Amino acid sequence: MAFWNEQRKGANFMNSTSLPGNYAEASKQGIEFIRLAPDKWSKDREFLFEDKPDKTPDVDFLIGSSDKYEGLVEEDFQRLKADLDAAEANGTKVVLTVLSLPGNQWRQFNGRKNDDRMWQSLEYHKQAAQFWKDLAERLKDHPAVIGYNLINEPHPETATGFEDFWVEDYEAWYAKQKNTASDLNLLYSEIVKAVRTVDKDTPIMLDSGLYATPWAFKYLKPIDDPNVLYAFHMYEPYEMTSQNQNKGFTYSYPGKVKVGGEAKEMNFDREALEKFLEPVEQWAKDNSIPANRIIASEFGINRMVKGADQYMADLISIFNEKGWHWSFYAFREDTWDGMDYEMGTKKPNWKYWEAIEKGELPERNPKDADNPIWNAIADDLTK
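Below is a short write-up of the structure. (Residues numbered from 1 in each chain as written. Predicted model: local features only at pLDDT ≥ 70, side-chain atom pairs only at ≥ 80, totals over all residues. Heavy atoms only, no water.)

1. Concerning the overall build of the chain
Item 1. From N to C terminus, the chain includes 14 helices and 10 strands.
Item 2. A compact globule built from 383 residues should have a C-alpha radius of gyration of about 21 Å, and the chain, at 20 Å, falls within 12% of that.
Item 3. Taking the principal axes of its C-alpha atoms as reference, the chain extends roughly 50 × 45 × 45 Å.
Item 4. Burial analysis of the chain (383 residues in total) assigns 57% to the buried set.
Item 5. Entry remark: accessible area of the chain is about 16300 Å², with carbon and sulfur atoms responsible for 47%. (Helix = DSSP H or I, 4+ residues; strand = E, 2+ residues; numbered from the N terminus. Rg over C-alpha atoms; globule rule 2.2 N^0.38 Å. Buried < 20%, exposed > 50% of the residue type's maximum accessible area, 1.4 Å probe, protein only. Areas by Shrake-Rupley, 256 points an atom, 1.4 Å probe, with all protein chains shown as cover.)

The following block contains the structure:
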């Protein structure tokens, strides 16, 4: 936990395969830790890059199958360990997270539909706890690992019809779900207890509900454990940050955005972003949780959105003022360039995609990285 006693600044790796060279590049940029999700490593490149059918729909990295966990897949574990060894060799620390758990396959591997089985059966809670116990027992002494982030963007709400925090009541929803399979606190309690039977010290990171929204802190319960951190993601307003060439670019930052199913229009600027994050700050105050146990573990915006540089700068300044850890999304992701901020607003050239197709790291032109949005991040990394 000593690593987290002071504010840390990191980035996310969610690539199609292990790319150990990226650890060296991240270190050069002043990135102090990587939040790693290795789930895509089990999938065929044609599925990930060309939208071809998934040849292995029942195969999930490390867990074997989200249908039923029966033990770690040894080949997958060895790939993960080699990647973590590379991180350590380059002086980079790693928070390990997973996109899928038993009964909760990542929606992009599940026909782009939510897999809500975990939130409907306590049997999957037990399997998830066993998985993390097995993994922690194997990784507890690895020098690169400084956190287990138990599940990326949990969403028990979706299994019970709750979809939109702009218009729905969290307290009323949780009152009905408490102590059922859709109780995120119940799941976390079981997994943490299982992990602590084999690993007393490695920090554990818990995402808030409804895809790690700050609003879901309203029902999150602190764990009685000195080595637990609490995480949220920040892509709001999603209607603005998720814009792309296909959707079009209707909104810019700062500016007005229609939210809540376009039920209302709100102005978004730095003040509005800070207000959106108030549930986290209030929760921490109410539960006497210090700033060094709060992390914005993902945040970002499509780099083509007008004002993207100011959006990132404003969020980073808010996180810094509050003393929260942060890790932006993403550093040199190989399956999508929308948040590869070193590119600025330039489109990838053919050499970039040629390298990606070969499973290689594209060459980087240092001049491209001298752009407003990357500078908003990089300048702060080196402070």
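Having seen it, we continue.
2. Side note on the side chain of Asn302
Item 1. Within the element layout of this structure, Asn302 appears in the loop between β9 (294–299) and α11 (308–322).
Item 2. Judged by relative accessible area, which is 5%, Asn302 ranks as buried.
Item 3. At 2.9 Å, the side chain of Asn302 forms a polar contact with the backbone oxygen of Gln243.
Item 4. Each residue touching Asn302, except ones within four places of it in the same chain, is listed here: Thr241, Gln243, Asn244, Phe249, Ala308, Trp336, Gly338 and Met339. (Polar contact = N/O pair within 3.5 Å; in protein donor to acceptor, adjacent residues only side chain to side chain. Contact = heavy atoms within 4.5 Å.)

3. Structural notes on the packing of aromatic side chains
Where two aromatic rings form a pair, the distance of their centres and the angle of their planes describe that pair.
Item 1. Applying the stated criterion across every chain, the model contains 36 aromatic pairs.
Item 2. Each ring, one from Trp166 and one from Trp215, has its centre 5.1 Å from the other, and the planes form 65°; the classification is edge-to-face. Taken together, the residues Trp166 in the loop between β4 (145–149) and α5 (170–177) and Trp215 in the loop between α7 (209–212) and β6 (228–234) connect sequence positions 49 residues apart. Note on accessibility: Trp166 and Trp215 belong to one class, buried.
Item 3. Members of the aromatic cluster, joined through ring pairs, are Phe13, Tyr23, Phe328, Phe331, Tyr341 and Trp374.
Item 4. The ring of Phe109 is capped by Lys43, whose NZ or CZ atom sits 5.0 Å from the centre of that ring.
Item 5. Sitting above the plane of the Phe77 ring, Arg138 keeps its charged end 4.0 Å from the centroid. (Phe/Tyr/Trp six-rings, centres within 6.5 Å; stacked < 30°, edge-to-face > 60°. Lys NZ or Arg CZ within 6 Å of the ring centre and 35° of its normal.)

4. Thoughts on the nonpolar core
The nonpolar side chains of a soluble globular protein tend to be buried, and buried together.
Item 1. Counting 112 residues, the largest nonpolar core has Trp132 and Phe328 as the members making the most contacts within it.
Item 2. Top contributing element to this core by residue count: helix α4 (residues 122–139), with eight residues.
Item 3. Apart from residues lying up to four places away in sequence, Trp132 is in contact with Leu96, Val98, Leu101, Tyr148, Asn149, Leu150, Ile191 and Val195.
Item 4. With nine residues, the next largest nonpolar core counts Phe3, Phe33, Ile146 and Met205 among its residues. (Core = buried A, V, L, I, M, F, W, Y, C linked by side-chain atoms within 4.5 Å.)

5. Quick notes on the packing of α11 against helix α14 (residues 372–381)
Item 1. At a closest axis distance of 7 Å, the pairing of α11 and α14 adopts a crossing angle of 20°. With respect to α14, the axis of α11 lies roughly parallel. Seen along the crossing, α11 lies across α14 with a hand that is right-handed. In this structure, α11 uses Ala308, Asp309, Met312, Ala313, Ile316 and Asn320 to contact α14, whose residues at the interface are Pro372, Ile373, Ala376, Ile377 and Asp380.
Item 2. For the contact of α11 with α14, the residue count by class is eight nonpolar, one polar and two charged. (Axes fitted to C-alpha atoms, helices over the stretch in contact; angles between N-to-C directions. Parallel < 35°, antiparallel > 145°, perpendicular 65-115°, else oblique. Left-handed = near helix turned anticlockwise from the far one by under 90°. Nonpolar A, V, L, I, M, F, W, Y, C, P; charged D, E, K, R; others polar.)

6. Quick notes on the pattern of salt bridges
Item 1. Applying the stated criterion to the full structure yields 26 salt bridges.
Item 2. Here Glu32 and Arg8 are joined by a salt bridge, their closest N and O atoms 3.1 Å apart. Linking Glu32 in the loop between α1 (21–28) and β2 (33–36) with Arg8 in the segment before β1 (9–13), this pair joins segments that are 24 residues apart in sequence.
Item 3. Judged by relative accessible area, Glu32 falls into the partly exposed class, the value being 27%.
Item 4. A salt bridge links Glu46 to Lys55; the shortest N-O distance between them is 3.8 Å.
Item 5. Exposure remark for Glu46: the relative accessible area of 31% places this residue in the partly exposed category.
Item 6. Through salt bridges with shared partners, a single network forms among Glu25, Lys28, Arg332, Asp340, Glu342 and Arg364. (Salt bridge = Lys/Arg side-chain N within 4 Å of Asp/Glu carboxyl O.)

7. Overview of the packing of helix α3 (residues 74–89) against α4
Item 1. Interhelical geometry of α3 versus α4 gives an angle of 45° and a closest axis separation of 12 Å. Taken together, the axis directions place α3 and α4 in an arrangement best described as oblique. Remark: the crossing between α3 and α4 carries right-handed chirality. The segment α3 lies against α4, with Glu74, Phe77, Gln78, Leu80 and Leu84 engaging Leu135, Arg138 and Leu139.
Item 2. Looking at the contact of α3 with α4 residue by residue, the class counts come to five nonpolar, one polar and two charged.

8. Some words on α1
Item 1. Of all the positions in α1, only Asn22, Tyr23 and Ala26 are classed as buried. Along the axis of α1, the buried positions cluster into a sector of 105°, meaning they face one direction only.
Item 2. Tucked inside the fold, the buried residues of α1 contact β1, β2, α3 and β3 (93–97).
Item 3. Among the residues trailing α1, Gly30 stands out with phi positive, at a value near 85°. (Arc of directions from axis to C-beta.)

9. Details of unusual backbone geometry
Item 1. A cis amide bond links Glu236 with the next residue in sequence, Pro237, at an omega value of -5°.
Item 2. Along the polypeptide, Pro237 turns up in the loop between β6 and α8 (238–241).
Item 3. Backbone torsion omega between Tyr253 and Pro254 reads -10°, so that peptide bond is classified as cis.
Item 4. One can find Pro254 in the loop between α8 and β7 (255–259).
Item 5. Positioned with a positive phi, Ser288 is a non-glycine residue whose angle comes to about 55°.
Item 6. Here Ser288 is to be found in the loop between α10 (278–286) and β9.

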